[in-house]
Amino acid sequence: MSLKNLSIFSLSVLLFSVFIVIYLNQENSKKLKRIGQWAKDNQIKVDTSTKAQKFTIDFDEKEWNLLKQKLSLTRFFTSLKDVPSFDFGFDPDYARELVEYWGNKFDWKSQVEYLNSYPQFRISINDTLIHYVYYTTNPTAAKRINILLLDGWPGAFFGFYKAIDFMEKNYKDICFDIVVPSIPGFGYSNPLEKVVDPFDTTLIFDALARFVFGENSQYFVHGEDWGSLISTFLAKLYPERIGGIHITMPPLTSFFDFNSLLYAFAGQFFPNSILTEQEIKFGFKFSLSELASLIIKKTGYFHIQATKPDSIGAGMSDSPFGLLAYVLEKYSFGSFGMNVVGKKDGGLEKFNRDDLLTIITYYWMTNCISSSMRLYRNAFYTLEKGWPRTVLNMKKISAKVPVGVQVFQHEVSFVPFKVLKNKYLNLSMYNLVENGGHFSNFENPEKISNNFIEFINLAL
Amino acid sequence: MSLKNLSIFSLSVLLFSVFLVIYLNQENSKKLNRIEQWAKNNQIKVDKSTKAQKFTIDFDEKEWNLLKQKLSLTRFFTSLKDVPSFDFGFDPDYARELVEYWGNKFDWKSQVEYLNSYPQFRISINDTIIHYVHYTTNPTAEKRINILLLDGWPGAFFGFYKAIDFMEKNYKDICFDIVVPSIPGYHFSTPLNKIHNPVETSLLFDALMRYLFGELAHYYIHGEDWGSIIATTVPQLYPTRVSGIHITMPITSESNILNNICSLLLPYVPSLFLSDQELKHEFSSRFSIKSKLWKFWDEFGYFHLQATRPDTVGHGLTDSPVGLMAYILEKYSSWTFERLNKISGSKDGGLEFFNKDDLLTVCTLYWMTNSITSSMRYYANSFNAMLEFRKQNLDFFSLSVSQTVPVGVQMNLNDIFVTPFWFIKSRYLGLIQYKIVEQGGHFAAFQNPELTVKCLVDFITQVEYKI
């Protein structure tokens with residue numbers, strides 16, 4: 001049996017089984033109406049005693065010296081001579097080059113100043129520590145819009161700084177009230193010593209929004225990576241409050257249903273039939289074999305993080321070099337796709353080296369790589385907690401909440417417009433962008449800002 | 001679904017399968033012939049100029065001090081308070097305890113002496129360095145058996161030392177000529193700077209045996225983990241040379257469609273497929289598709305990552321001793337003990353069962369030879385090779401092993417997967433021994449040297465005295 005046929009067969013069995021599960025879940029469809037009521041009842045109370053503390057990042061000289069000491073002791077391994085670079089993962093020779101720079105030329109102190117250029121706070125909600133940026137652009141402008149900017153893994157809150165700056169300079173007639181929280185377990189939303197999954201995070205972020213913007217205020221959400229998933233959860237739980245969600249990566253897990261299965265089957269044999277002209281031009285594919293290929297080739301990290309995050313976390317909490325290679329591999333493949341194979345630098349020289357190393361140093365200084373990876377496991381095992389977690393992912397987003405989707409060419413996963421429409425009943429914007437990748441705020445701050453604001457104006 | 005419908009459905013499926021089996025068997029023999037031809041053409045010449053060098057492991061004081069320095073600088077992270085320990089992987093609190101011991105009490109120098117207690121050699125065959133132990137037990141005994149002992153990942157050659165010792169002391173009437181090679185890229189079979197896959201390893205190890213025992217040599221193979229895969233491949237290549245194979249990890253998942261269909265039916269009519277013993281040990285639930293898929297999900301994250309991006313995870317493991325230790329020892333925990341009762345919530349993940357020095361010697365061996373990444377690349381190489389070979393119609397990984405090659409299976413119940421006799425026999429046609437080991441885990445000889453040797457020698461005895 002050829003591997004292709006075997007993959008199709010196996011995937012069909014898997015999808016069929018998933019379908020059975022989903023069908024059984026949908027027996028709960030009568031109870032779906034209860035979700036709105038549940039959401040109201042279980043809203044996290046934000047009372048007047050809740051206080052946010054101002055927060056500034058310290059330049060911890062002792063920790064910085066320890067990092068440099070560890071870097072100087074780095075032990076390397078050799079690359080394989082007869083394979084293209086990056087074919088087996090992060091190239092050892094290029095890694096060595098980056099470590100050299102990191103330990104000897106990178107100026108963390110200046111970077112800390114940069115990270116502190118927007119006001120930050122910390123607050124405890126539901127016994128969970130949340131770090132966030134809160135900034136208001138053009139405070140005297142007449143039009144006022146509340147927005148939440150959500151990132152994912154392995155991103156960072158300051159990835160949005162350039163976007164915030166762009167919005168301030170280019171939209172002087174709008175006052176954006178911007179909150180950029182870090183997911184519990186990420187960065188300064190630490191320490192976190194209990195299980196918090198994306199669903200819990202959704203409730204917490206909504207509470208934060210109510211704390212900052214006011215109890216009944218409307219707000220818009222822009223979400224990337226995990227932020228995209230959390231955005232869809234917010235839209236499903238609190239449709240009256242969410243003015244609209246703008247996402248770059250429609251979560252594939254929301255589309256494990258019979259409808260998508262049919263499209264994937266169709267896409268297997270008649271690939272163009274399920275795609276728009278633009279999607280075809282971009283070379284996107286949606287089929288069983290494409291999904292199988294994605295799952296097999298690209299989700300190794302996802303698999304281990306969703307099952308044994310602590311086993312892999314030990315090395316990356318202890319070795320800055322290990323952390324760098326593991327995380328920057330995502331910035332390489334995630335931004336440029338498989339084109340990076342054969343490139344000495346995996347495409348990374350396109351980015352500012354200091355920007356990349358700031359992300360890594362931030363993960364290092366907050367010692368958060370393990371807690372950030374645990375999110376994957378928490379997300380996966382969240383279904384064990386039962387309703388409403390078991391149904392929320394599959395629920396459609398009501399027509400009350402506009403959804404804007406902006407997909408970059410090298411995004412990690414792809415769901416066609418025709419399939420999205422089935423779940424996002426008010427899909428008001430759908431744009432494909434050439435030459436961009438997964439880390440949109442990092443790589444294309446202007447494009448996402450413009451598109452997000454266009455989306456908001458359309459919704460209002 | 002009513003019983004009547006189920007019966008009709010099952011009967012149709014069965015009939016269809018019968019036709020399929022006949023068709024596939026014919027395909028099977030054609031493919032096996034193709035493999036044997038390929039094996040003849042690709043047999044590695046072992047010429048007179050090939051020489052093995054005696055090898056002794058050095059106690060490298062400088063490297064040992066660097067390791068200790070890194071250990072003293074270890075940075076940890078905190079465990080979650082509201083979940084059982086080891087549920088998220090290797091517990092950080094226990095990691096801290098082991099690191100303490102490793103850096104302050106573990107005596108690497110003595111361990112090196114222990115590692116050197118059996119004679120070792122290194123040889124270059126086909127431009128590939130192979131390190132191996134070669135030891136002869138009871139050299140004056142009449143009965144002479146050549147045997148290859150193969151382990152896998154994350155194992156180490158000295159894992160067989162206690163087994164070898166037991167073989168020597170308890171079978172004084174047999175002279176075992178034992179070879180324990182390390183897979184290229186593992187430990188002292190380094191450096192390895194090119195791609196290398198299990199079929200190539202099979203060719204190499206066969207060449208090694210011919211180098212040591214002559215061109216007409218016959219030998220047995222005991223294989224665990226990757227060793228089971230190599231032990232399965234060598235007789236596909238050279239069936240007449242292999243006297244018999246004894247394995248702990250039979251591979252049957254792709255052998256034929258009939259098996260897969262029967263796996264679907266098994267949970268409904270288990271007694272049709274399973275022996276009483278297998279039923280008693282709950283094979284019906286463990287071997288069901290649902291259970292296997294779940295196990296695959298739960299335990300194979302490392303496999304998935306190593307088979308696609310080994311270098312990415314390799315950097316951290318090469319540079320951080322605790323990283324290496326947590327990653328490796330998690331396997332010694334989850335593949336040896338039953339999860340719910342023994343691992344989840346325990347302080348040590350069950351690892352106190354093992355000798356702490358033994359476990360840390362495994363880790364230190366990977367560390368000192370800087371071989372963790374090359375050992376993990378084996379997974380990516382194998383995956384790619386499998387696709388390549390399939391294109392050439394050389395389906396090593398799914399074709400059967402000829403009936404002429406006796407097979408013994410040691411089924412360890414705490415191992416990741418269990419496979420019933422019936423399913424193994426459909427691929428390993430010469431299956432003559434099948435022993436279930438109740439508290440046995442994945443690292444058979446390391447955990448249970450005596451039991452493993454008994455299974456192995458029972459098998460060999462059966463083969464030797466039946467012929």
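Quick note: structure is the one above.
Now for a description of the structure that goes with this document. (Residues numbered from 1 in each chain as written. Chains lettered and ligands numbered in written order. Predicted model: local features only at pLDDT ≥ 70, side-chain atom pairs only at ≥ 80, totals over all residues. Heavy atoms only, no water.)

### Points about the overall build of chain A
Now for step 1: Helix and strand content of chain A: 20 helices and nine strands.
Now for step 2: Its C-alpha atoms give chain A a radius of gyration of 22 Å, within 12% of the compact-globule value 23 Å for 460 residues.
Now for step 3: Overall, the C-alpha framework of chain A stretches about 65 × 60 × 40 Å when taken along its three principal axes.
Now for step 4: The proportion of buried residues among the 460 residues of chain A is 63%.
Now for step 5: For chain A, the proportion of contacts with a sequence separation of at least 24, taken over those separated by at least 6, is 82%. (Helix = DSSP H or I, 4+ residues; strand = E, 2+ residues; numbered from the N terminus. Rg over C-alpha atoms; globule rule 2.2 N^0.38 Å. Buried < 20%, exposed > 50% of the residue type's maximum accessible area, 1.4 Å probe, protein only. Contact = heavy atoms within 4.5 Å.)

### Structural notes on the overall build of chain B
Now for step 1: Broken down by element type, chain B carries 21 helices and nine strands.
Now for step 2: For 467 residues, the compact-globule estimate of 2.2 N^0.38 gives 23 Å, and the C-alpha radius of gyration of chain B, at 23 Å, lies within 12% of that figure.
Now for step 3: In terms of its C-alpha atoms, chain B occupies a principal-axis envelope of roughly 70 × 65 × 45 Å.
Now for step 4: In chain B, 81% of the contacts between residues at least 6 apart in sequence involve partners at least 24 apart.
Now for step 5: For chain B, the accessible surface area stands at approximately 18900 Å², while carbon and sulfur atoms represent 55% of it. (Areas by Shrake-Rupley, 256 points an atom, 1.4 Å probe, with all protein chains shown as cover.)

### A short note on the sheet that holds strand β5 (residues 174-181) of chain B
Residue and element names in this part refer to chain B.
Now for step 1: One open sheet accounts for nine strands, arranged β1-β2-β3-β5-β4-β6-β7-β8-β9; its pairing is mixed. With partners counted over all chains shown, the strands left at the sheet margins are β1 (53-55) and β9 (431-437), one partner each. The average angle at which neighbouring strand axes cross in this sheet is 25°, direction not considered.
Now for step 2: The pairing of strand β6 (residues 219-223) with strand β7 (residues 242-247) spans five bridges and is classified as parallel. For Tyr220, the partnering residue across the bridge sits in β7 and is Gly244.
Now for step 3: Packing against the sheet, helix α7 (residues 226-237) makes contact with β4 (143-150), β6 and β7, and its axis sits at approximately 155° to β7. (Pairing = 2+ DSSP bridges. Axes fitted to C-alpha atoms, helices over the stretch in contact; angles between N-to-C directions.)

### As for the packing of helix α14 (residues 320-336) of chain A against helix α15 (residues 353-365) of chain A
Residues and elements named next belong to chain A.
Now for step 1: Contact pair α14 / α15: the axes reach a minimum separation of 10 Å and the direction vectors enclose 130°. The angle between the axes of α14 and α15 places the two elements in the oblique class. Handedness of the crossing formed by α14 with α15: right-handed. Where α14 abuts α15, its residues Pro320, Leu323, Leu324, Val327, Leu328 and Tyr331 lie against Leu356, Leu357, Ile359, Ile360, Tyr363 and Trp364.
Now for step 2: Looking at the contact of α14 with α15, its residues break down into 12 nonpolar, no polar and no charged. (Parallel < 35°, antiparallel > 145°, perpendicular 65-115°, else oblique. Left-handed = near helix turned anticlockwise from the far one by under 90°. Nonpolar A, V, L, I, M, F, W, Y, C, P; charged D, E, K, R; others polar.)

### A look at the packing of helix α13 (residues 309-318) of chain A against helix α16 (residues 369-381) of chain A
Residue and element names in this part refer to chain A.
Now for step 1: Running from amino to carboxyl end, α13 crosses α16 at an angle of 160°, the nearest separation of the two axes being 9 Å. With respect to their mutual orientation, α13 and α16 come out roughly antiparallel. Along this stretch, α13 crosses α16, giving a crossing that reads as right-handed. Between α13, through Pro309, Asp310, Ile312, Gly313, Ala314, Met316 and Ser317, and α16, the contact on the second element is made entirely by Ile369, Ser370, Met373, Arg374 and Arg377.

### Topic: the interface of chain A and chain B
Now for step 1: Tallying the contact residues gives 68 residues for chain A and 65 residues for chain B.
Now for step 2: Across the interface of chain A and chain B, roughly 6000 Å² is buried in total on both sides, 59% from carbon and sulfur atoms.
Now for step 3: Between chain A and chain B we count three salt bridges in total.
Now for step 4: The residue Lys308(A) makes a salt bridge to Glu299(B) at a minimum N-O spacing of 3.0 Å.
Now for step 5: Our enumeration of links across chain A and chain B arrives at 37 residue pairs in polar contact (both at pLDDT 80 or more). (Buried area = accessible area lost by both parts, 1.4 Å probe. Salt bridge = Lys/Arg side-chain N within 4 Å of Asp/Glu carboxyl O. Polar contact = N/O pair within 3.5 Å; in protein donor to acceptor, adjacent residues only side chain to side chain.)

### Considering the pattern of salt bridges
Now for step 1: Tallied over the entire structure, the rule returns 36 salt bridges over all chains.
Now for step 2: Across the salt bridge formed by Asp206(A) and Arg210(A), the nearest N and O atoms sit 3.0 Å from each other. One end of the pair is Asp206(A) and the other is Arg210(A), both in helix α7 (residues 198-213) and four residues apart, which spans about a single turn. Considered together, Asp206(A) and Arg210(A) belong to a single accessibility category, that of buried residues.
Now for step 3: When the shortest N-O distance is used, the salt bridge between Glu215(B) and Arg210(B) registers 3.2 Å.
Now for step 4: Relative accessible area serves as the criterion here: at 41%, Glu215(B) is assigned to the partly exposed category.

### As for the environment of Asn170(A)
Residues and elements named next belong to chain A.
Now for step 1: Topologically, Asn170 is positioned in helix α6 (residues 161-170).
Now for step 2: Overall, Asn170 belongs to the partly exposed group, its relative accessible area being 45%.
Now for step 3: Note: C-alpha distance between Asn170 and Gly386 (216 residues apart in sequence) is 46 Å.

### As for the environment of His410(A)
Now for step 1: Its location among the elements puts His410(A) in the loop between β8 (403-408) and α18 (417-423).
Now for step 2: Residues in contact with His410(A), not counting those within four places in the same chain, are Gly334(A), Ser335(A), Phe336(A), Gly337(A), Asn339(A), Gly436(A), Gly437(A) and His438(A).

### Re the sheet that holds strand β5 (residues 174-181) of chain A
Residues and elements named next belong to chain A.
Now for step 1: Taken together, nine strands build an open sheet; the order of strands is β1-β2-β3-β5-β4-β6-β7-β8-β9 and the sheet is mixed. Edge positions in the open sheet fall to β1 (52-55) and β9 (427-433), since each of these has one partner strand only. Averaged over neighbouring strand pairs, the angle between their axes works out to 20° when direction is ignored.
Now for step 2: Here six bridges tie strand β4 (residues 143-150) to β5, and the two strands are oriented parallel to one another.

### Re a nonpolar patch on the surface
Now for step 1: A grouping of Phe265(A), Phe269(A) and Phe270(A) is seen on the molecular surface, where their side chains present a nonpolar patch of about 350 Å² in accessible area.
Now for step 2: Residue class for Phe269(A) comes out exposed when judged on its relative accessible area of 56%. (Patch = residues over 30% accessible without salt bridge, like charges linked within 9 Å, V, L, I, M, F, W, Y side chains within 5 Å.)

### Some thoughts on the environment of Ile183(A)
Residues and elements named next belong to chain A.
Now for step 1: Following the sequence through the fold, Ile183 ends up in the loop between β5 and α7.
Now for step 2: Judged by relative accessible area, Ile183 falls into the buried class, the value being 5%.
Now for step 3: Between the C-alpha atoms of Ile183 and Ile230, which are 47 residues apart in sequence, the distance is 10.0 Å.
Now for step 4: Setting aside anything within four residues of it in sequence, one finds Ile183 in contact with Asp151, Gly152, Ser189, Thr201, Phe205, Trp226, Ile230 and Leu375.

### Examining the pairing of β5(B)
Residues and elements named next belong to chain B.
Now for step 1: The buried fraction of β5 is high, at eight of eight residues.
Now for step 2: Neither face of β5 is left uncovered, since the one carrying Ile174, Phe176, Ile178 and Val180 and the one carrying Cys175, Asp177, Val179 and Pro181 both have all their residues buried.
Now for step 3: Where strand β3 (residues 128-136) and β5 come together, five bridges link them in antiparallel fashion. Counted as the bridge partner of Val133 is Val180 from β5.
Now for step 4: Across six bridges, the pairing between β4 and β5 is parallel. Pairing of Ile145 across the sheet is with Phe176, part of β5.
Now for step 5: Between the parallel pair β4 and β5, the chain is carried across by helix α5 (residues 161-170), and the sense of this crossover is right-handed. (Right-handed = clockwise from strand over helix to strand, strands pointing away.)

### Section: the side chain of Ser372(A)
All names here are of chain A.
Now for step 1: By the element assignment, Ser372 lies in helix α16.
Now for step 2: Look at Ser372 and you get buried, because its relative accessible area is 0%.
Now for step 3: Leaving out residues up to four positions away in the same chain, Ser372 has contacts with Trp153, Gly185, Phe186 and Tyr363.

### Describing unusual backbone geometry
Now for step 1: In the segment running from Asn190(A) into Pro191(A), the intervening peptide bond is cis, with an omega of 5°.
Now for step 2: Tracing the backbone through its elements, the reader meets Pro191(A) in the loop between β5 and α7.
Now for step 3: Of note, the bond from Thr190(B) into Pro191(B) is cis; its omega dihedral lies within 30 degrees of zero at 0°.
Now for step 4: Along the chain, the position of Pro191(B) falls in the loop between β5 and α6 (198-213).
Now for step 5: One non-glycine residue, Asn126(A), lies in the positive phi region at around 55°.
Now for step 6: Within the element layout of this structure, Asn126(A) appears in the loop between β2 (120-125) and β3 (128-136).
Now for step 7: Asn126(A) gets classed as partly exposed once you look at its relative accessible area, which sits at 49%.

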